[in-house]
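As a plain string of letters, each chain reads:
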Amino acid sequence: SQTIHQWPATLVQPVGSPLSLECTVEGTSNPNLYWYRQAAGRGLQLLFYSVGIGQISSEVPQNLSASRPQDRQFILSSKKLLLSDSGFYLCAWSGRGRGSSEQFFGPGTRLTVL
Amino acid sequence: EDKVVQSPLSLVVHEGDTVTLNCSYEVTNFRSLLWYKQEKKAPTFLFMLTSSGIEKKSGRLSSILDKKELFSILNITATQTGDSAVYLCAVPASKIIFGSGTRLSIRP
């Protein structure tokens, strides 16, 4: 069966510090991968998605970047965090082809920037 | 512009009540509509709807899609405190678009 992991679960970082959040998927090959942010009391905002190694699409201009160094690994990064980067970050995967539109989410990382 | 709108934004009911959550959408090349339940952490998948008028059911939860009027409803009957969560509606378009969610609180 497929599983998706994220770490860390919780992170508190000072403003201006770098960030690296990891997401890995097991039990599937060549998944579509997604990074979302959920600010307190708000819906999910798609940040990045990837259809393959090294292929990243950015949905919103921001202080963050993403990379996909391996088929089942997706990394969210920042060189210098801002206060507004605080939020709940979710990684998700979906399969390919027809009937694979549902996404499955990792446990999330709660980031607080102070 | 593709969009997904959920209503109400927030709802408080008593245990045992029945609730109906709404999701309307405007997307090009519609394929499916998804419902998720989000408690403290990651959303969990509930239903995927692709055809109009066919009810999907899981226990006390059910959902139906109307592709003509471009909306879906999620029904929860005999609500329990464990149903308290944010319920998210999503429509895959060129990318998946999520509504802002409905925060449902069940009071004992």
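In case you missed it, the structure is sitting above this.
What counts, and where the lines are drawn
Residues numbered from 1 in each chain as written. Chains lettered and ligands numbered in written order. Predicted model: local features only at pLDDT ≥ 70, side-chain atom pairs only at ≥ 80, totals over all residues. Heavy atoms only, no water. Helix = DSSP H or I, 4+ residues; strand = E, 2+ residues; numbered from the N terminus. Rg over C-alpha atoms; globule rule 2.2 N^0.38 Å. Buried < 20%, exposed > 50% of the residue type's maximum accessible area, 1.4 Å probe, protein only. Contact = heavy atoms within 4.5 Å. Areas by Shrake-Rupley, 256 points an atom, 1.4 Å probe, with all protein chains shown as cover. Salt bridge = Lys/Arg side-chain N within 4 Å of Asp/Glu carboxyl O. Phe/Tyr/Trp six-rings, centres within 6.5 Å; stacked < 30°, edge-to-face > 60°.

Q: Provide a residue-level description of the overall build of chain B, including the pertinent values.
A: Each helix and strand counted, chain B has 0 helices and 11 strands in total. Ordering the α and β elements of chain B from the N terminus gives β-β-β-β-β-β-β-β-β-β-β. Relative to a compact globule of 108 residues, whose C-alpha radius of gyration would be 13 Å, chain B shows 13 Å and is just as compact. With the C-alpha coordinates of chain B rotated into their principal frame, the extents come out at 40 × 25 × 20 Å. In chain B, which comprises 108 residues, the share counted as buried stands at 44%. Residue pairs in contact within chain B that sit at least 24 positions apart in sequence constitute 53% of those at least 6 positions apart. Total accessible area on chain B is roughly 5,400 Å²; 50% of this is exposed by carbon and sulfur atoms.

Q: Tell me about the pattern of salt bridges, and please be specific about residues and values.
A: Residue and element names in this part refer to chain B. Under the criterion given, the structure shown has 5 salt bridges over all chains. A salt bridge links Glu39 to Lys37, with the nearest nitrogen and oxygen atoms 3.9 Å apart. Of the residues examined, Lys37 reaches a relative accessible area of 14% and is grouped as buried. Arg60 is the salt-bridge partner of Asp83, the closest N and O atoms lying 2.8 Å from each other. Here Arg60 lies in the loop between β6 (56-58) and β7 (61-66) and Asp83 lies in the loop between β8 (71-76) and β9 (85-92), a separation of 23 residues in the sequence. What makes Arg60 partly exposed here is its relative accessible area of 24%.

Q: Run through the packing of aromatic side chains, naming residues and quoting values.
A: Enumeration according to the criterion identifies 12 aromatic pairs over all chains in this entry. Plain terms: the ring middles of Tyr36 of chain A and Phe98 of chain B are 5.3 Å apart, the flat faces sit at 85° to each other, and that makes the pair edge-to-face. Residue Tyr36 of chain A is located in strand β4 (residues 32-38), and its partner Phe98 of chain B is located in strand β10 (residues 96-98); the two belong to separate chains. For the pair Tyr36 of chain A and Phe98 of chain B, one class covers both residues: buried. An aromatic cluster of three or more residues is present, and its members are Tyr34, Tyr36, Tyr49, Trp93, Phe104 and Phe105 of chain A together with Tyr36, Phe45 and Phe98 of chain B.

Honestly, that's just the spatial picture; any functional story needs more than this.
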